[in-house]
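# Examining the three-dimensional arrangement
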Amino acid sequence: MQPVPEAIHGGGTVSIQAIPDLGCRFIQWTGDLVSFGSNPAFSLQLFISISATAVFHRDQPCRDANTADPLMNMAILLSRNNGISGGTYGNGRGRMHYGIDLASSVGTPIYALFDGIVEQAVDWYDQNVEWINYESQYSDYGESCYNAGNRVRIKSTINSEVIYVKYMHMDQVNILQGQLITAGALIGTVGSTGSACSPRSNGPHLHLEVLINGYNAQLNAVNPESFLFTKFDYFGKITRSCINN
Ligand SMILES: [Zn+2]
């Protein structure tokens, strides 16, 4: 967040803008700028020193004790062909799909479903790793279109069961391996890394997997929809704004 200069001496015209961190919203000005209300950017003539504060709010996605949403607005990635739930669990597309694909634009904040410990946090941007250099015309990142891309795996305990949640194809990863995470924490952003950059993908999305008592997708994956607060309709889409908490 960018604070308002506490004091500007000498007078003159100044431009002021409140810039929220990822996942935050600007709410209002207080102090000497209170009359500018919810206008985040403006210029004004200054003749005296002023003191003001920009108030921000960090939105939290929907959740209760055992279900939670990783995005503020939830939608299943639609299929290319019929526009209906292309990203559901088990959905064929030539092979088993061990998670669900949640459509959103690149840069959309992703929040941790549950309290837990970060077991894996891979960010190709930050690592000097020799990965399979399969350059694809569909990849903005020049990385393999056959992997999970930037990804996170968090281990949690829910109802005395060990639950692993995997977040894949992320743009940015904002957490580190070994870090303790609180439910609702910002862990990164939606992207198109890994196989999400392939022509089979229908746009940027979060591939979300939930696994019980192990993190081998073939053995342990379950349908993540039962762990989500938001339920999807036939068209795979419900948009719910959760800005009330
Ligand atoms: Zn997927």
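Remember, it's a predicted structure, so these values are computed and weren't measured experimentally.

### With respect to the overall build of the protein
- Helix and strand content of the protein: one helix and 13 strands.
- The secondary structure elements of the protein, listed N-terminal to C-terminal, are β-β-β-β-β-β-β-β-β-β-β-β-α-β.
- Out of the 245 residues in the protein, the part that is buried amounts to 36%.
- Here the contacts in the protein between residues at least 6 apart in sequence split such that 66% fall between residues at least 24 apart.

### Comments concerning the pairing of strand β7 (residues 116-122)
- Bridge count between β7 and strand β10 (residues 180-181): two bridges; the pairing is antiparallel. When the sheet's bridge partners are listed, I117 is paired in β10 with L180.

### Some thoughts on the nonpolar core
- Membership of the largest hydrophobic core comes to 38 residues, with the highest contact counts inside it found for L102, I110, V165 and Y167.
- Taken together, the elements giving at least two residues each to this core come down to β5 (100-103), β6 (109-111), β7, β8 (150-158), β9 (161-173), β11 (186-190) and β12 (205-212).

### A few points about the pairing of β9
- In terms of burial, β9 is a largely internal element, 11 of the 13 residues being buried.
- Of the strand pairs in this sheet, β8 and β9 are connected by eight bridges, and their pairing is antiparallel. Bridge assignment links I154 to a residue of β9, and that residue is V165.
- The turn joining β8 and β9, which pair antiparallel and follow one another in sequence, is formed by two residues; a positive phi near 50 degrees is taken by N159.
- Here β9 pairs with β12 via six bridges, running antiparallel. Among the inter-strand pairings, Y167 is bridged to a residue of β12, identified as L208.
- The sheet contact formed by β9 and β11 spans two bridges and is antiparallel. Residue pairing for β11: V173 is matched across the bridge by G188.

### Points about unusual backbone geometry
- One non-glycine residue, H169, adopts positive backbone phi at about 65 degrees.
- In this structure, H169 sits in strand β9.
- Even without being glycine, N213 reaches a positive phi, approximately 60 degrees.
- Along the chain, N213 falls in the loop between β12 and α1 (217-220).
- Judged by the 11 C-beta atoms lying within 10 Å of it, N213 is exposed.

### Regarding the environment of L44
- Assignment of secondary structure puts L44 in strand β3 (residues 41-46).
- Residue classification places L44 among the exposed residues on the basis of 12 C-beta atoms within 10 Å.
- For L44 and I16, which are 28 residues apart along the polypeptide, the C-alpha to C-alpha distance reads 8.1 Å.

### Some details on the confidence of the model for the protein
- For the protein, mean pLDDT is 82; residues scoring 70 or higher make up 77% of the total.
- No element of the protein has a lower mean pLDDT than α1, at 90, and none a higher one than β10, at 98.

### Topic: the environment of L211
- Relative to the helices and strands, L211 resides in strand β12.
- C-beta crowding within 10 Å serves as the criterion here: with 23 such atoms nearby, L211 is assigned to the buried category.
- For the pair L211 and G99, spaced 112 residues apart in sequence, the C-alpha separation works out to 9.3 Å.

Procedures and definitions
Residues numbered from 1 in each chain as written. Predicted model: local features only at pLDDT ≥ 70, side-chain atom pairs only at ≥ 80, totals over all residues. Helix = DSSP H or I, 4+ residues; strand = E, 2+ residues; numbered from the N terminus. Buried ≥ 20, exposed ≤ 12 C-beta atoms within 10 Å, placed from the backbone. Contact = placed C-beta atoms within 7 Å. Pairing = 2+ DSSP bridges. Core = buried A, V, L, I, M, F, W, Y, C linked by C-beta atoms within 7 Å. pLDDT = per-residue confidence, 0-100.

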